Amino acid sequence: MPTARSRPYVILSAAMSIDGKIATRTGASRLSSKRDLARVHRLRGSADAILVGRNTVAQDDPMLTVRLARGKNPTRIVLDPRAAMPPSSRIGATANSIPTIVAVTETAPKSRAERLAKRGLEVIVCGRSRIDLGKLLSILARKGIRKLVVEGGGTTNWHFLAEDLADEILVTIAPFVVGGTDAVSLVGGRGFGKISHSFKLKQVERLGNEIVLRYVR
Ligand SMILES: NC(=O)c1ccc[n+]([C@@H]2O[C@H](COP(=O)([O-])OP(=O)(O)OC[C@H]3O[C@@H](n4cnc5c(N)ncnc54)[C@H](OP(=O)(O)O)[C@@H]3O)[C@@H](O)[C@H]2O)c1
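Residues numbered from 1 in each chain as written. Predicted model: local features only at pLDDT ≥ 70, side-chain atom pairs only at ≥ 80, totals over all residues. Heavy atoms only, no water.

1. Describing the side chain of His41
Stage number 1. Turning to its location among the elements, His41 is positioned in helix 1 (residues 34–45).
Stage number 2. Here His41 falls in the buried class, since its relative accessible area comes to 3%.
Stage number 3. In contact with His41, not counting residues within four places along its chain, are Thr65, Val66, Arg67, Leu68 and Ala69. (Helix = DSSP H or I, 4+ residues; strand = E, 2+ residues; numbered from the N terminus. Buried < 20%, exposed > 50% of the residue type's maximum accessible area, 1.4 Å probe, protein only. Contact = heavy atoms within 4.5 Å.)

Here it is in structure tokens:
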């Protein structure tokens, strides 16, 4: 755990195919079984917040709520540098009843940020043209968010790893092969040049045809 709670404890959580993809080239991403989804919902129920990138909202239109387990809905956070997420998305449409934050940059048009705020989303401006994740995490810590689950996609996962802000990786290996150079991998972005960013394997759990691996930094 980071000392003095300067930032939340960050868990990257995802389901990937045997070959490390989190979605197909057409954007289909339902890789988890119902049993694994229930585990994910228990994890959500234990967290203070869940964070995703803008493309995941555009592609999956997720609710990011706890439905298959007990527990309260965590705060939802979307990284959306230019405030481009449609207010009519399922997250936007439910922001009045479930706490929701959209992190934008100074380049976000005011009108779009205001439209999201009117929907009930809390808009946090954090960085000039790129979202400053370190700054965002310290703002979240000040709001009392201690445990944050990052649910992708691959670009968002990369930014957290590149800045060494991921304390844990919880990944389900689902029994599918997806393939395709255009399919999104667990970690996208530029990637590391050296094999240096390591984790310790802490837990291996078999759930029927799936394996859940828990790694800590
Ligand atoms: N299987 C799974 O567990 C799982 C989970 C989640 C998502 N997915 C899949 O993953 C795919 C989406 O992944 P993706 O890599 O394309 O996109 P993503 O990570 O969902 O979103 C990426 C976008 O978020 C914004 N962003 C993320 N980090 C940022 C940072 N530090 N600073 C500024 N902006 C940041 C950027 O928006 P701008 O482009 O506006 O700059 C970036 O392009 C979807 O197909 C989804 O279905 C699968």
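Back to the text.
2. Digging into the nonpolar core
Stage number 1. Ranked by internal contacts, the top residues of the largest apolar core, which has 31 residues, are Leu12, Leu51, Leu79, Leu136, Leu148 and Phe160.
Stage number 2. Those elements that place two or more of their residues in this core are strand 1 (9–16), strand 2 (49–53), strand 3 (75–79), strand 4 (100–104), helix 5 (133–142), strand 6 (147–150), helix 6 (154–162) and strand 7 (168–173).
Stage number 3. Tallying contributions element by element places helix 5 first for this core, with five residues.
Stage number 4. Setting aside anything within four residues of it in sequence, one finds Phe160 in contact with Val10, Leu12, Leu51, Leu79, Leu133, Leu137, Leu148, Val150, Leu165 and Ala166. (Core = buried A, V, L, I, M, F, W, Y, C linked by side-chain atoms within 4.5 Å.)

3. What about the site of the ligand?
Stage number 1. What surrounds the ligand is a group of 26 residues, the closest being Arg54, Thr56, Asp60, Thr155 and Thr156.
Stage number 2. Here Gly154 contributes a backbone N or O atom positioned 3.2 Å from an oxygen atom of the ligand.
Stage number 3. Thr156 is positioned with one of its side-chain polar atoms (N or O) 2.7 Å from an oxygen atom of the ligand.
Stage number 4. When the free accessible area of the ligand is taken as 920 Å², the share hidden by the protein chains comes to 87%.
Stage number 5. Residue assignment for the shell around the ligand shows that the elements contributing at least two residues are strand 1, helix 2 (54–60) and helix 6.
Stage number 6. A total of five residues in the shell around the ligand trace back to one element, the largest contributor, which is helix 2.
Stage number 7. Of the residues assigned to the shell around the ligand, the class counts are ten nonpolar, twelve polar and four charged. (Near = heavy atom within 4 Å. Polar contact = N/O pair within 3.5 Å; in protein donor to acceptor, adjacent residues only side chain to side chain. Areas by Shrake-Rupley, 256 points an atom, 1.4 Å probe, with all protein chains shown as cover. Nonpolar A, V, L, I, M, F, W, Y, C, P; charged D, E, K, R; others polar.)

4. Concerning the sheet that holds strand 8 (residues 200–207)
Stage number 1. Ordered in space as 5-4-3-2-6-1-7-9-8, the nine strands form an open sheet in which the pairing is mixed. Where the open sheet ends on each side, the last strands, each with one partner, are strand 5 (122–125) and strand 8. Strand after strand, the sheet turns through a mean of 20 degrees between neighbouring axes, direction not considered.
Stage number 2. Relative to strand 9 (residues 210–216), strand 8 runs antiparallel, the two being bridged by seven bridges. For Lys200, the partnering residue across the bridge sits in strand 9 and is Val216.
Stage number 3. Strands in contact with helix 5 are strand 1, strand 2, strand 3, strand 4, strand 5 and strand 6; relative to strand 3, the strand with the most contacts, it is inclined by about 165 degrees. (Pairing = 2+ DSSP bridges. Axes fitted to C-alpha atoms, helices over the stretch in contact; angles between N-to-C directions.)

5. Remarks on the packing of aromatic side chains
Stage number 1. A full pass over the atoms with the stated rule returns one aromatic pair.
Stage number 2. A centroid spacing of 4.9 Å and a plane angle of 65 degrees characterise the contact between Trp158 and Phe192, whose relative ring orientation is edge-to-face. Of this pair, Trp158 sits in helix 6 while Phe192 is found in the loop between strand 7 and strand 8, placing the two residues 34 residues apart along the sequence.
Stage number 3. Classification of Trp158 by relative accessible area gives buried; the value is 11%. (Phe/Tyr/Trp six-rings, centres within 6.5 Å; stacked < 30°, edge-to-face > 60°.)

6. So, the pairing of strand 3
Stage number 1. Among the five residues that make up strand 3, five are buried, leaving the element largely enclosed by the rest of the structure.
Stage number 2. Here strand 3 shows no split at all, with Thr75, Ile77 and Leu79 on one side and Arg76 and Val78 on the other all buried.
Stage number 3. In terms of strand pairing, strand 2 meets strand 3 through five bridges, oriented parallel. Looking at the pairing, Leu51 lines up with Ile77 of strand 3.
Stage number 4. For the segment spanning strand 2, helix 2 and strand 3, crossover handedness is right-handed. (Right-handed = clockwise from strand over helix to strand, strands pointing away.)

Nothing here speaks to function; it is all geometry.
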